[in-house]
Amino acid sequence: MGTSYTEGGAHEAVASPSLAIVKYWGKQDSRQNTPATPSLGITLSGIETRTAVTRGRERDAVVVDDTPQELSRYVPFFTYLRERLCTEARFHAESRSNFPAAAGLASSSSGFAALALGCAAAAELEPSREQLSEVARIGSASAARALFGGFTALEAGAAHAVQLRDEHFWPELRIVIAVTQPETKETSSRDGMERARLTSPYYRAWVNDSRLLFTTATEALEERDIEKLGTVARMSYLRMFATMFSSTPPLIYWQPESVSLIRLCEELRREGVTAWETMDAGPQVKMLTLDNDVEHLVSEIEERMPQVKTIVTRPGAGAHLASEAGAGG
Ligand code: DP6
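Presented here is an overview of the structure given in this document. Since we're looking at a predicted model, the values are computed, not measured. All residue numbers refer to position in the chain's written sequence, counted from 1. Reporting of local features is limited, given that this is a predicted model, to residues whose pLDDT is at least 70; pairs of side-chain atoms are given and counted only at 80 or more, and all residues count toward the totals for whole chains, interfaces and linings. Side-chain calculation: all heavy atoms of the structure are included, whereas hydrogens and water are not.

### So, the packing of aromatic side chains
Consideration 1: Geometry of aromatic contacts follows a simple scheme: Phe, Tyr and Trp rings, the Trp one being its six-membered ring, pair when their centres are within 6.5 Å, and the pair is stacked under 30 degrees between planes, edge-to-face over 60, tilted otherwise. One pass over the full model with this rule turns up nine aromatic pairs.
Consideration 2: Summarising the aromatic geometry, the rings of Tyr-74 and Phe-112 are spaced 5.4 Å apart at their centres and angled 35° between planes, so their arrangement reads as tilted. Residue Tyr-74 is located in the loop between strand E8 (67-68) and helix H1 (75-84), and its partner Phe-112 is located in helix H2 (residues 107-122); the two are separated by 38 residues in the primary sequence.
Consideration 3: On the accessibility criterion, Phe-112 (5% relative accessible area) is buried.
Consideration 4: Grouping aromatic residues by their ring pairs yields a cluster made of Tyr-74, Phe-77, Phe-78, Phe-91 and Phe-112.
Consideration 5: It is Arg-224 that lies over the ring of Phe-169; its NZ or CZ is 4.4 Å from the centre.
Consideration 6: Geometrically, a charge over a ring is one whose NZ (Lys) or CZ (Arg) sits within 6 Å of the ring centre while staying within 35 degrees of the ring normal. In this structure, Arg-269 is placed above the aromatic ring of Trp-276, and the distance from its NZ or CZ to the ring centre is 4.5 Å. Numbering of helices and strands runs from the N terminus, with a helix taken as a DSSP run of H or I at least four residues long and a strand as a DSSP run of E at least two residues long. Think of it in three bands: residues with accessible area under 20% of the maximum for their type are buried, residues over 50% are exposed, and the middle band is partly exposed, with areas taken using a 1.4 Å probe on protein chains only.

### Observations regarding the sheet that holds E8
Consideration 1: Spatially, six strands are ordered E8-E7-E9-E6-E1-E16 in an open sheet, and the strand pairing comes out mixed. Of all the strands in the sheet, the pair left with one neighbour each is E8 and strand E16 (320-321).
Consideration 2: Pairing geometry for strand E1 (residues 11-15) and E16, over two bridges, is antiparallel. Residue pairing across strands places Ala-13 opposite Leu-321, the latter belonging to E16.
Consideration 3: Here a residue-residue contact requires only that any non-hydrogen atoms of the pair lie within 4.5 Å. The angle between two axes is taken between their N-to-C directions and runs from 0 to 180 degrees, where each axis is a line fitted to C-alpha atoms and a helix contributes only its stretch in contact. Sitting on the sheet, H2 touches E1, strand E6 (49-55), strand E9 (91-97) and E16, and the angle it makes with E6 is about 30°. Any two strands are treated as partners once DSSP identifies two or more bridges connecting them.

### Things to note about the pattern of salt bridges
Consideration 1: A pairing counts as a salt bridge when a side-chain nitrogen of Lys or Arg comes within 4 Å of a carboxyl oxygen of Asp or Glu. Counting across every chain of the model gives 19 salt bridges.
Consideration 2: Note that Arg-96 is salt-bridged to Asp-66, the shortest N-O span being 2.8 Å. Taken together, the residues span a long stretch of sequence, with Arg-96 in strand E9 and Asp-66 in the loop between strand E7 (61-64) and E8 at a distance of 30 residues.
Consideration 3: Asp-66 sits in the exposed class, given a relative accessible area of 55%.

### Observations regarding helix H3 (residues 129-139)
Consideration 1: Of all eleven residues in H3, nine are buried, a share of seventy percent or more.
Consideration 2: Restricting attention to buried positions, one finds in H3 the residues Arg-129, Leu-132, Ser-133, Glu-134, Val-135, Ala-136, Arg-137, Ile-138 and Gly-139.
Consideration 3: Contacts made by the buried residues of H3 are with strand E4 (34-35), H1, H2, helix H4 (141-146) and helix H5 (189-199).

### Some details on the environment of Phe-151
Consideration 1: Tracing the chain through its elements places Phe-151 in strand E10 (residues 151-154).
Consideration 2: Along the backbone, Phe-151 and Thr-216 are 65 residues apart, and their C-alpha atoms lie at a distance of 14 Å.
Consideration 3: Sequence-distant contacts of Phe-151, defined by excluding residues within four places in its chain, comprise Gly-41, Ile-42, Val-162, Gln-163, Leu-164, Arg-165, Asp-166, Phe-169, Trp-170, Leu-173, Leu-221 and Pro-315.

### Some details on the site of the ligand
Consideration 1: Around the ligand there are 17 residues in total, and Tyr-24, Lys-27, Ser-140, Ser-142 and Arg-190 lie nearest to it.
Consideration 2: Whenever two N or O atoms come within 3.5 Å, that pair is a polar contact, provided that in protein one can donate a hydrogen and the other can accept it, and provided that, for residues adjacent in sequence, both atoms are side-chain atoms. Within the backbone of Ala-141, an N or O atom sits 2.8 Å from an oxygen atom of the ligand.
Consideration 3: Residue burial considers only the protein chains on display, and all accessible areas are found by Shrake-Rupley using a 1.4 Å probe. Contact with the protein chains covers 96% of the free accessible surface of the ligand, which is 460 Å².
Consideration 4: Those elements that provide at least two residues to the shell around the ligand are H4 and H5.
Consideration 5: Here the residues of the shell around the ligand sort into six nonpolar, six polar and five charged. Near is defined per residue: the residue qualifies when any heavy atom it owns lies within 4 Å of the molecule or strand. Lys, Arg, Asp and Glu make up the charged group, whereas Ala, Val, Leu, Ile, Met, Phe, Trp, Tyr, Cys and Pro make up the nonpolar group; the residues left over, Gly among them, are polar.

### Structural notes on the packing of helix H6 (residues 203-222) against helix H7 (residues 226-245)
Consideration 1: At a minimum axis distance of 9 Å, the contact between H6 and H7 shows a crossing angle of 165°. With respect to H7, the element H6 is oriented roughly antiparallel. Every pair of crossing elements has a handedness; the one defined by H6 and H7 is left-handed. Packed against H6, whose contacting residues are Tyr-203, Trp-206, Asp-209, Leu-213, Thr-216, Ala-217, Glu-219 and Ala-220, the element H7 presents Lys-228, Leu-229, Val-232, Met-235, Ser-236, Arg-239, Met-240 and Thr-243 at the interface.
Consideration 2: Its residues assigned to classes, the contact of H6 with H7 shows nine nonpolar, three polar and four charged. Working definition: roughly parallel below 35 degrees, roughly antiparallel above 145 degrees, roughly perpendicular at 65 to 115 degrees, and oblique for all remaining angles. Two helices cross in a left-handed way if the nearer one is turned anticlockwise from the farther one by less than a right angle. They cross in a right-handed way if the turn is clockwise.

### Side note on the sheet that holds strand E12 (residues 173-179)
Consideration 1: Pairing is antiparallel across the open sheet formed by four strands, whose spatial order is E13-E14-E12-E15. On the outer flanks of this sheet lie strand E13 (276-279) and strand E15 (309-313), each paired with one strand and no other. Strand after strand, the sheet turns through a mean of 25° between neighbouring axes, direction not considered.
Consideration 2: Pairing of E13 with strand E14 (residues 285-290), which is carried by four bridges, proceeds in the antiparallel orientation. Directly across from Glu-277, in E14, lies its bridge partner Met-287.

What follows is the structure, encoded as C-alpha cells:
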C-alpha cells in the first residue's frame, strides 16, 4: 500500500458504498459486530466518501461534513484498530461524502472503510486488505465489504469480507439509485436490526432462510444471470423488511415514492425491461439493470416522479488512497 500525502500532511482515503444484494440484517455477536446472515454486496462506483486522517493528537476525533461526531460511536472501532494493527496512534479524521449520508445509501459502509484505510496510512502501517476489512467491520459490518471492489461476500459470523469477483466481471451491469428523500433517517440500521432481533417473531426464520438466498445469489453472479440475481435480491430485501414491519414498535422506512418505484419496476419487467429493485434501511430504491436498459429506466422515473433524483452507478473499485488509482483487491 502506498502512502498518500495531501495538504497539511493528511492521508486521504476514498471508499464507495457497498450495496447489499443479499442483506446483512441482525448480529451474531454485537460486541464483535459479526453478522447473523451472510451478505453479498456490490461496491458502487461514482459515489464515494473521502476521509483525510492525521495522527498525533491526544484523543481521537471524527468530523463528518464539518460536524464533530459523538465519539462513543467510534470508540470500539479505534480501540480494535490499535489492538489489531499494534499501534498506539491517535487519529483526527475529516470525512465528506458526495451523496446523502445516513439516508439508507450505505454511507456507514464507505465511511468506516475509508476511515480504516486512512488511519492505517496515517500511522504508516501496511495491513492486509483482510485486516482492514476486519477493523472496518467493528465500525459497521457492511464496511467490511467496501474495502474490496466489485462483488463481495461477508459470511455469517465472519471476521472479514472476501472479494468474489472484481469490478470488471460484469461490464453490462448498472445500479440506478433513486433518491426519494435525502433527509437523515430516524432509526439507524444498527438500532433497526437489533429491534428486529429482539422483537420480530419472523427474525429466526429470516436468519434460517438467509443461507439459501446467499447461495442462490452467488450462483446467479457466477452465471451473470440478472433475472436470477434480481429475483433473489427482491426476496432478500422484502424478507428483511418483513422483520422490520413485524417488530415492536414496527419500523417502516418506506415512503409513497418507494412503493411507486417498486410498482414501476414490476411494470417495466412485464414489458421486458430489466429493473430489479432492492432497498435498505431507508426510503431510497436501488435498481439492478443492464447498460442497454438504463436510459429507459431513468427516463421513466424522471417522467413519472420528477421529484426523485437518480444516480447511475456500476460495480466499482474498493477503498484506496487518494494518491492511488482505484484499487482494493
Ligand atoms: C440494510 O452495516 O450499517 O444496509 O454493522 O450495525 O453498523 P452496523 O450496520 P450496517 O447495516 C447495513 C444494513 C443494510 C444491509 C447491508 O448492507 O448488508
